[in-house]
Amino acid sequence: SVRETFLIIYACTGIDNIAEAITLLELNNWDLVAAINGVIPQENGTVPPLSSSSSSSSPPSPTSRHIVERQPRMLNFRVEYRQRSVELVLEEGSTVGEIKNILETELGVPVSKMQLKGWKSGDVSDTTVLRSLHLPKNNSLYVLTPDIAPTASTSKNSALQESLNQNFLLVISHREAQRDYSLNFPGSRTIQEVKRNISDLTNIPVRHQQWEGWPASASDDSMTLAVSGISYPCHHLSVCRRLSPANAQEPTEECADVHMISDSEGDDFEDASEFGVDDSEMFGMGSSSCRKSPMMPENSENEADALLHFTAEFSSRYGETHPMFFIGSLEAASQEAFYGKARDRKLLAIYLHNDESVLSNVFCSQMMCADSIVSYLSQNFITWAWDVTKEANKARLLTMCTRHFGSVVTQTIRTYKTDQFPLLLIVMGKRTSNEVLNVIQGNTTVDELMMRLMGAMEIFTAQQQEDIKDEDEREAREMVKREQDEAYRLSLEADRKKREAQEREEAEQVRLEQMRKEQEEEKEAIRLSLEQALPPEPDEESGEQISKLRIRTPSGEFLERRFLGSCKLQVLFDFVASKGYPFDEFKLLTTFPRRNITQLDPGSTLLEAKLFPQETLFLEAKE
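Note that the structure is a prediction, hence the values are computed from the model and not measured.

## Structural notes on the overall build of the chain
The helix and strand inventory of the chain stands at 16 helices and 16 strands. Counting over 623 residues, the chain shows a buried share of 43%. Long-range pairs, those at least 24 residues apart, make up 66% of the contacts in the chain with a sequence separation of at least 6. In the structure as shown, the chain presents an accessible area of about 33700 Å², 49% of it carried by carbon and sulfur atoms.

## Quick notes on the nonpolar core
Formed by 57 residues in total, the largest nonpolar core has its most connected members in Phe-314, Leu-348, Trp-384, Trp-386 and Leu-453. When sequence neighbours within four positions are dropped, the list of residues in contact with Leu-348 reads Leu-330, Ala-333, Ser-334, Ala-337, Phe-338, Phe-381, Ile-382, Trp-384, Phe-405, Leu-425, Ile-426 and Val-427. One finds Phe-563, Val-571, Phe-575 and Ala-609 within the second-largest nonpolar core, a separate group that totals 21 residues.

## Examining the sheet that holds strand E10 (residues 381–387)
The strand order across the open sheet built from four strands is E10-E9-E11-E12, with neighbouring strands paired in mixed fashion. One side of each edge strand has no neighbouring strand; the edge strands of this open sheet are E10 and strand E12 (434–440). For this sheet the average axis-to-axis angle between neighbouring strands, irrespective of direction, equals 25 degrees. Sheet analysis places strand E9 (residues 347–353) next to E10, joined by seven bridges and oriented parallel. By the bridge assignment, Ile-350 is partnered in E10 with Trp-384.

## A few points about unusual backbone geometry
In this structure, the amide linkage connecting Tyr-232 to the following residue, Pro-233, adopts the cis form with an omega of 10 degrees. Along the chain, Pro-233 falls in the loop between strand E7 (209–212) and strand E8 (234–241). A cis amide bond, omega 0 degrees, links Phe-421 with the succeeding residue Pro-422. Relative to the elements of secondary structure, Pro-422 occurs in the loop between helix H14 (407–415) and strand E11 (423–429). Phi at Gln-178 takes a positive value of approximately 55 degrees, unusual for a residue other than glycine. Relative to the helices and strands, Gln-178 resides in the loop between strand E5 (167–174) and strand E6 (179–186). Using a relative accessible area of 75% as the deciding quantity, one classes Gln-178 as exposed. A positive phi angle, near 65 degrees, is found at Asn-203, a position not held by glycine. Along the chain, Asn-203 falls in the loop between helix H7 (191–202) and E7. Of the residues examined, Asn-203 reaches a relative accessible area of 61% and is grouped as exposed.

## Overview of the packing of aromatic side chains
Any aromatic ring pair is given by two values, namely how distant the centres are and how the planes are angled relative to each other. Scanning the entire structure with this criterion turns up 16 aromatic pairs. Summarising the aromatic geometry, the rings of Phe-314 and Tyr-351 are spaced 6.5 Å apart at their centres and angled 85 degrees between planes, so their arrangement reads as edge-to-face. A residue pair is termed long-range when its members are at least 10 positions apart, and Phe-314 in helix H9 (residues 303–318) and Tyr-351 in strand E9 qualify at 37 residues. Given a relative accessible area of 0%, Phe-314 falls into the buried group.

## Focus: H14
What H14 keeps buried is the set Val-409, Thr-410 and Ile-413. Seen along its axis, H14 keeps its buried residues to an arc of 100 degrees; they face one direction. For H14, the exposed residues lying more than 90 degrees away from the buried face are Ser-407, Val-408 and Thr-415.

## Here's the deal with the sheet that holds strand E2 (residues 84–91)
If you trace the four strands from one edge of the open sheet to the other, you get E2-E1-E4-E3, paired in mixed fashion. Single-partner strands in this sheet number two, and they are E2 and strand E3 (115–117). On average, each strand axis in the sheet is tilted by 30 degrees relative to the strand beside it, whichever way the strands run. Summarising the sheet, strand E1 (residues 74–81) and strand E4 (residues 138–144) pair through five bridges and their orientation is parallel. Bridged to Glu-80 within E4 is Tyr-142.

## Some points on the packing of helix H13 (residues 391–405) against H14
Here H13 crosses H14 at 145 degrees, and the two axes come no closer than 7 Å. Note on element contacts: H14 touches H13 through Val-409, Thr-410, Ile-413 and Arg-414, opposite Leu-398, Cys-401, Thr-402 and Phe-405. Of the residues that constitute the contact of H13 with H14, the class distribution is five nonpolar, two polar and one charged.

## A closer look at the pattern of salt bridges
By the definition in use, this model includes 32 salt bridges. For Arg-131, the salt bridge identified is with Glu-92, shortest N-O distance 3.5 Å. One end of the pair, Arg-131, is in the loop between E3 and E4; the other, Glu-92, is in the loop between E2 and helix H5 (96–107), with 39 residues separating them in the sequence. In this structure, Glu-193 engages Arg-189 in a salt bridge whose closest nitrogen and oxygen atoms are separated by 3.6 Å. The exposure class of Glu-193 is buried, given its relative accessible area of 15%. When salt bridges that share partners are traced, they join Arg-345, Asp-467, Glu-471 and Arg-474 into one network.

## Observations regarding the confidence of the model for the chain
Put simply, the chain has an average pLDDT of 80, and 83% of its residues get 70 or more. With pLDDT under 50 throughout, residues 41–70 is counted as low confidence; its partners more than four residues away or in other chains account for 50 contacts.

## Some remarks on the pairing of E8
Looking along a regular strand, one sees side chains alternate from face to face of the sheet. The pairing of E5 with E8 spans six bridges and is classified as parallel. Among the inter-strand pairings, Ser-173 is bridged to a residue of E8, identified as Ser-238. Here four bridges tie E7 to E8, and the two strands are oriented antiparallel to one another. Residue pairing in the sheet places Gln-210 in a bridge with Cys-240 of E8.

## A word on the side chain of Ser-228
By the element assignment, Ser-228 lies in the loop between E7 and E8. Beyond its immediate stretch of four places on either side in the chain, Ser-228 contacts Ile-191, Pro-215, Ser-217, Ala-218 and Met-223.

## Remarks on the pairing of strand E16 (residues 614–621)
Summarising the sheet, strand E13 (residues 546–552) and E16 pair through five bridges and their orientation is parallel. Each residue of the ladder has a partner; that of Arg-552, found in E16, is Phe-618. As defined by bridge partners, strand E15 (residues 586–590) adjoins E16 across five bridges and the pair is classed as antiparallel. Residue pairing across strands places Phe-586 opposite Ala-621, the latter belonging to E16.

## Focus: helix H16 (residues 569–578)
The buried fraction of H16 is high, at eight of 10 residues. On its buried side, H16 packs onto helix H15 (446–533), E13, strand E14 (558–564), E15 and E16. Just downstream of H16, Gly-580 is the residue with a positive phi angle, here 100 degrees.

Criteria and thresholds
Throughout, residues of each chain are indexed from 1 in the direction in which the sequence is written. For a predicted model such as this one, the threshold for reporting local features is a pLDDT of at least 70, and the threshold for listing and counting side-chain atom pairs is 80 or more; totals across whole chains, interfaces and linings nevertheless cover every residue. Excluded from the side-chain calculation are hydrogens and water; included are all heavy atoms of the structure. In this text, helices come from DSSP runs of H or I with a minimum length of four residues, and strands from runs of E with a minimum of two, each type numbered from the N-terminal end. Residue exposure (1.4 Å probe, protein chains only): buried if accessible area is under 20% of the type maximum, exposed if over 50%, otherwise partly exposed. Residues count as neighbours in contact if any of their non-hydrogen atoms are within 4.5 Å of one another. Residue burial considers only the protein chains on display, and all accessible areas are found by Shrake-Rupley using a 1.4 Å probe. Within this scheme, the nonpolar core is defined by two criteria: the residues are buried Ala, Val, Leu, Ile, Met, Phe, Trp, Tyr or Cys, and they are joined through side-chain atoms within 4.5 Å. At least two DSSP bridges between two strands are needed for those strands to be called paired. Interaxial angles span 0 to 180 degrees and are taken between N-to-C directions of axes, which are lines fitted to C-alpha atoms, for helices over the stretch in contact. Side-chain rings of Phe, Tyr and Trp (the six-membered ring for Trp) are treated as a pair once their centres are within 6.5 Å; stacked means planes under 30 degrees apart, edge-to-face means over 60, and tilted covers the remaining angles. Directions drawn from the helix axis to the C-beta atoms are what define this arc. When residue character is reported, Ala, Val, Leu, Ile, Met, Phe, Trp, Tyr, Cys and Pro are called nonpolar, Asp, Glu, Lys and Arg charged, and the others, Gly included, polar. When a carboxyl oxygen of Asp or Glu lies within 4 Å of a side-chain nitrogen of Lys or Arg, that pair is called a salt bridge. Known as pLDDT, the predictor's confidence for each residue is given on a scale from 0 to 100.

Printed below as a string of structure tokens:
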């Protein structure tokens, strides 16, 4: 809730003015972590005024606020090396290696021999992005070069290096509590870090600390103790709470981006009046027209349209770097993740968003938009999202979950309270049902989120390997069966073709035999007709000119017959044809001299053809 958000800001930064807190959130696009990090490390422990006048000036206009939000966050670095000090300003998207490259140019020290120290998280790699270190605006670092021996001209450097390694005893008097703290700090510790430690001990926020005893040379909180000018080995300081600044003018309804709702639990915040604002001002400011656009429209008929709206709003709020949300129904996402080939299956990540949870902005901006999380989800998961801020949308989600995952999952989602959202459900498809491997709540870190995703991935990978093995064995069996079926089909096809060819051959033989018979019958009919049409054979004693012809057939047999010398050659041809040697298939030749009688005029007589009184002829098939 908004009340919890304000309490977190107050506990971390000491900001006790609701208007100032809201303006700070607006400037950081409602990113709670960025807002807190932007306030705590302010130089000299104070936050610059949000406006030129604490009581009369109006808050920044929406236009100017939009410009501020688009500017990259810049980080200041003071780097000390021997007797030199280098001031750097870089975007938080830069890497540690880029700082070293600049220092190589400025200091003349090779990157390979340079050790950049002073990071709060310990040693970091050159590829580490500054944003991931969650650094304050002002930072103090120092360079060590153990491989480069100091020369006579660098004796001061050695002294500085020695000071950085020395321990300083700070005796700090808390005047209000009338208590002294004796604290040991290395010389590489910055003044800002000292003030933060005192904040933990005294519950005085850094921005409200008022100090005495710091030397005039300690003008910058990013300075290390070694160069700040404090006494060694012991230095005395005192601290007390600075009086709260006058309350800034309450922001107008026009610029409020949040609608705070008061509730009956006023006892948890009954001292709101000490912050200069009463309950009605604190939880009732802002108009509904200034509220954020919802992540998902209520009662959307089409799930794909609702997811398109969700993706567009998510990008608008938190940037384009985010998981690729599946556009479609939960059933379609399940099909995509679970029901392909075993090698192509993935886990299903269901992101459930709730704008009423104070954790939503931090989880989305810090977890869901982290490069490592985005990359891991994209490679190994199908990510589907839904907004449960509205009761109608939540009821619709529960119906979908009951249909696809059963009532147990639905009841599990019901048990989570609003402040436990957002949720990330990791679902794995199994042979008979879908199983929810993990439910990740919003109160987690990037490392813990990545660890739980990787744990789910290990379980899924083991199951996937079994599924791949089973699928390969099943496909191998199916392949053998398909090959057998194909061989059987080809065998049947070959038998069918062979049978059809045999039937065609037999049919052709029957047809040819029929044709042959018909031709023979036709020839026989012609032969008989010719034989009946032949004139009678004359007697040798008839007294007429008789020509006696002897005809040799191709088989070696001889045909003999008498003809009147006056008979036409056509009668001779008909006689030969009546014996089975038709005129169009055979030619009739004389022996000597060799003549082709069939080429003569059929109307000429035997006498004219000189086939008188006798002649021996032979038959030869035409080519």
